[in-house]
Structures are given as C-alpha cells and as structure tokens.
There are 2 protein chains.
Amino acid sequence: MISSRFSVAIHILSLIDIHEGKIKSEYIAGSVNTNPVVIRRIMSMLGKAGLIESRAGVTGIKLLKPLSAISFLDVYRAVELPENDVLFNIHRNSNPQCHVGRNIQSALEQPLTEAQRQLENTLAQTTVAQVVGHIQSQS
Amino acid sequence: MISSRFSVAIHILSLIDIHEGKIKSEYIAGSVNTNPVVIRRIMSMLGKAGLIESRAGVTGIKLLKPLSAISFLDVYRAVELPENDVLFNIHRNSNPQCHVGRNIQSALEQPLTEAQRQLENTLAQTTVAQVVGHIQSQS
DNA sequence: TACAATGTAACCTTATCAGTTACAACTCAA
DNA sequence: TTGAGTTGTAACTGATAAGGTTACATTGTA
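Residue positions are given per chain, counted from 1 along the sequence in the order it is written. Chains carry letters and ligands carry numbers; both start at the beginning, A for chains and 1 for ligands, and go up in the order they are written. At least 70 in pLDDT is required for a residue's local features to be given in this predicted model, at least 80 for side-chain atom pairs to be given and counted, and no such filter applies to totals for whole chains, interfaces and linings, which use all residues. As a rule here, side-chain values cover all heavy atoms of the structure and leave hydrogens and water aside.

This brings us to the protein's contact with DNA strand D. When at least one non-hydrogen atom of a residue lies within 4 Å of a molecule or strand, that residue is treated as near it. Close to DNA strand D lie 24 residues; A:Lys24, A:Arg40, A:Ser54, B:Ser4 and B:Thr34 are nearest. In the interface set of DNA strand D, defined as its atoms within 4 Å of the protein, sugar plus phosphate atoms amount to 61%. Here a base nitrogen of DNA strand D and a side-chain polar atom of A:Arg40 are 2.9 Å apart. Polar contacts here mean pairs of N or O atoms no more than 3.5 Å apart (in protein, one a potential hydrogen donor and the other a potential acceptor; neighbouring residues in sequence count only if both atoms are side-chain atoms). B:Arg41 is positioned such that a nitrogen or oxygen atom in its side chain is 2.9 Å from a base oxygen of DNA strand D. Here a helix means four or more residues in a row that DSSP labels H or I, a strand means two or more in a row labelled E, and each is numbered from the N terminus. Residue assignment for the surface near DNA strand D shows that the elements contributing at least two residues are α3 (36–48) of chain A together with α3 (36–48) of chain B.

Structure below.
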C-alpha cells in the first residue's frame, strides 16, 4: 500500500497555498493531527523535489510552483518510490537453469511497466490545485 | 511497493501450466529459488481465490481456469490488498476543526480511486497465458 | 503400514513507517 | 547582542509486514 506520506504531502501543500505560506509546521501538524517532525520530514522531501522552500529559523514556507502546476504524480514521486522508481517488486534470483526461472523476469517487465505507466498517467492528470478547489467549495 | 508475492504467484501459475500440474512445491521452490513453504503459502492464497486446487498428500496442482482466463488483476487480487482493497493509504484523523482537515479526505478519494482503477484496468488486460507465451518463445 | 507430499502454525530477521525526544543551527525582534 | 521561537535532522521506539525457516499434523498412495 502506498504510504500516507503521499496524502499528508497533499494536505501540507494545500495548507501552504491557502495560508499563502504564512504557516508553521506546528500548525500543519495540528491540522493533520500528528507530530510536527512528521510534517517537517515530509516537507524536507518536498523541498528536495523542488516543490517548496523553507529556511531554518524562518516561519513560513514558499511554494516554488503554483499548485496548478503540481500534479499528484509530482507529489507521489517526491515522497514515494525512494530508490528505483519501480512499483512492482519482481523477485530476483530465479533459477537460471530452469527455463521459466530464466525468462520470467523479462516476461513480466513489459506488462508491469505498462501498468505503472498507466497509474502514473492518471496521477499526472490531477493537480493539487483541484484539491484546494474541492476543499474551498465545501462549508 | 507491491510485494514479490505477485510476481512469484505468476511464476507458480506458469510452472503449473507448463508442467500440466504434475509438479510439487519443492520443484517450484527450486525454480523460484526460495523455500517450499513460501510457495505453499502463496498457493494457499491462489487456492482461496479459486484459481488452483491442490490436496494434502497428493502431488500435483490443478488449474481451475485456463491461464488465458487468469489476468494479472486476478492474481494481484489473490495475493495483495489483504483487507480493504485500497491502494492509497489516506491519513485518517485529520483535525475536523480545520477546514482543510475536515475536507481533505473527500477531496482525495475520487482521484485516487480513479488512479487505482486505471492500474487495475491495465492489469486486467494481461493474462498469465501471455507470460507463458513469452517464456516459450525464448531459448 | 510406511513414505512422501501438502497445509499451517510458529518463530526469526529485516525493512519500513509513523510517532517522539532531543538538540544544533538559524532569524529576527527587543 | 542576546533570547525566544522556528526549522532541520539525528536517533530511538513500537507497530506492522514480508520472506525465510523449522516443525509437525494431516492426508493419500504405493
């Protein structure tokens, strides 16, 4: 299952936008209902992905792109798939002396890559701005 | 990341088909390069999903459907998503006194459900028979 | 009846995640 | 310039899940 970091990250970005950056990690933690360090940890990933910027000692977070230019895929890539960007964990070390063991990996690669591509395609089509739009339309 | 159970399950089904069911868990384990109990554990899930049938004491596994009728989605559902069938873990317990916290969950539900649906759609379009076809076309 | 295979429970190790404490580094206002 | 307040991170603690392993009861068959 994809970790809750992903949905928390979208929550964080929405709050930054709505409060125009004048917000601290402790406030965000109060809205998410978790510890400020959890928030700062996720913000650190968003920062490394070039989505936000913040500075030690300074209250406030800057969005480096408008939310309409930040897709779910951008967020997903920022906080998930740490090393190899692969969704399906194909077992390695199959027995090369077995015909099936020798070829199973290459047989799985194409369809599973395609499935991941479709998932990412869909994630690319929603922006965080749409989330804020939905939230603002609620009472 | 989706666990390797999924790819191992496809490996198992391919072997059963190629050997026409005359095969034991120990042999499969040799091809996958793991412990027979790991294989039997996954076979148990495939059995509960109605894809295969085997009996204690009897060598051999029966496919309950032709591989051309077993999609990657069938296998995925058999061995992953144990309880709630949800791919994205949305954080619960957001602060209901915060406008964002109160509405983030409903804002995320629709796009994430759609993304999962697209992934599953793609998985539904590949069958395990295609994997066996690919393997048999190799040397 | 004895052998061989399956089905499962139980345990261990490892990895990841989320929560938490602690603290260094940094800003800015008084 | 000092002190309060904030961020950035390291480190530790469960909790949970996965894969590997041992052990053994159950079952069918030669």
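Whenever a carboxyl oxygen of Asp or Glu lies within 4 Å of a side-chain nitrogen of Lys or Arg, that contact is scored as a salt bridge. As enumerated under the stated definition, the model contains seven salt bridges over all chains in all. A:Arg117 is the partner of A:Glu114 in a salt bridge, and the nearest nitrogen-oxygen pair spans 3.2 Å. Here the residue A:Glu114 and the residue A:Arg117 both occupy positions in helix α5 (residues 99–124), the gap between them amounting to three residues, near one helical turn. The exposure class assigned to A:Glu114 is partly exposed, which follows from its relative accessible area of 26%. Under the relative-accessibility criterion, A:Arg117 is labelled partly exposed at 42%. The residue B:Glu20 makes a salt bridge to B:Lys22 at a minimum N-O spacing of 3.9 Å. Per-residue accessibility, obtained with a 1.4 Å probe over protein chains only, is compared with the maximum for each type, and a residue is labelled buried under 20%, exposed over 50%, and partly exposed between these values.

What follows is about the interface of chain B and chain A. In this description, contact between two residues means that some pair of their heavy atoms is separated by no more than 4.5 Å. Of the residues lining the interface, 54 residues belong to chain B; the matching set on chain A comes to 54 residues. Accessible-area loss on putting two parts together, using a 1.4 Å probe and summing over both, is the definition of buried area adopted here. Taking both sides of the interface into account, the surface hidden between chain B and chain A amounts to around 4400 Å²; carbon and sulfur atoms contribute 70%. Counting across the chain B and chain A interface gives zero salt bridges. Linking chain B with chain A are 20 residue pairs in polar contact (both at pLDDT 80 or more), by the criterion used here. Those elements giving two or more residues to the side of chain B that touches chain A turn out to be α1 (5–18), α2 (25–32), α5 (99–124) and α6 (128–136) of chain B. At 18 residues, the largest contribution of residues to the side of chain B that touches chain A is made by α5(B).

Our focus in this paragraph is helix α1 (residues 5–18) of chain A. Helix length check: α1(A), at 14 residues, gives a terminal C-alpha distance of 20 Å against a target of 20 Å (1.5 Å per residue), a fit within 8%. Turning to α1(A), its buried residues are A:Phe6, A:Ser7, A:Val8, A:Ala9, A:Ile10, A:His11, A:Ile12, A:Leu13, A:Ser14, A:Leu15 and A:Ile16. One less than the number of residues in a helix, times 1.5 Å, gives the span that helix is expected to have.

Here we take up the protein's contact with DNA strand C. Lining the immediate surroundings of DNA strand C are 24 residues, of which A:Ser4, A:Thr34, B:Lys24, B:Ser25 and B:Ser54 lie closest. Protein-proximal atoms of DNA strand C, defined as those within 4 Å of the protein, fall in sugar or phosphate at a share of 61%. The separation between a phosphate oxygen of DNA strand C and a polar side-chain atom of A:Ser4 is 2.5 Å. Measuring from a base nitrogen of DNA strand C, one finds a side-chain N or O atom of B:Arg41 at 3.4 Å. Among the elements of the structure, α3 of chain A together with α3 of chain B are those that each provide at least two residues to the surface near DNA strand C.

If you trace the backbone, B:Val32 turns up in helix α2. For the pair B:Val32 and B:Val8, spaced 24 residues apart in sequence, the C-alpha separation works out to 7.2 Å. Excluding residues within four positions of it along the chain, B:Val32 makes contact with A:His91, A:Arg92, A:Asn93, A:Ser94, B:Val8, B:His11 and B:Ile39.

Of the transformation superimposing chain B on chain A, the axial component is 0.0 Å and the angular component is 180°, with the fit at an RMSD of 0.1 Å. In short, the pair behaves as if placed about a two-fold rotation axis. The rotation axis passes nearest to the C-alpha of B:Leu119 in chain B, at a distance of 2.5 Å. Superposing copies: least-squares fit, C-alpha atoms only, residues required to have pLDDT of at least 70 in both.

Let us now look at the side chain of B:His91. Tracing the backbone through its elements, the reader meets B:His91 in the loop between α4 (72–79) and α5. For B:His91, a relative accessible area of 7% corresponds to the buried category. Engagement of the side chain of B:His91 in a polar contact is seen with the side chain of A:His11, the distance being 2.9 Å. One polar contact links B:His91 to B:Ser94, side chain to side chain, over a distance of 3.3 Å. When near neighbours in sequence (up to four residues on either side) are disregarded, B:His91 contacts A:Ser4, A:Ser7, A:Val8, A:His11, A:Val32, B:Ile104 and B:Gln105.

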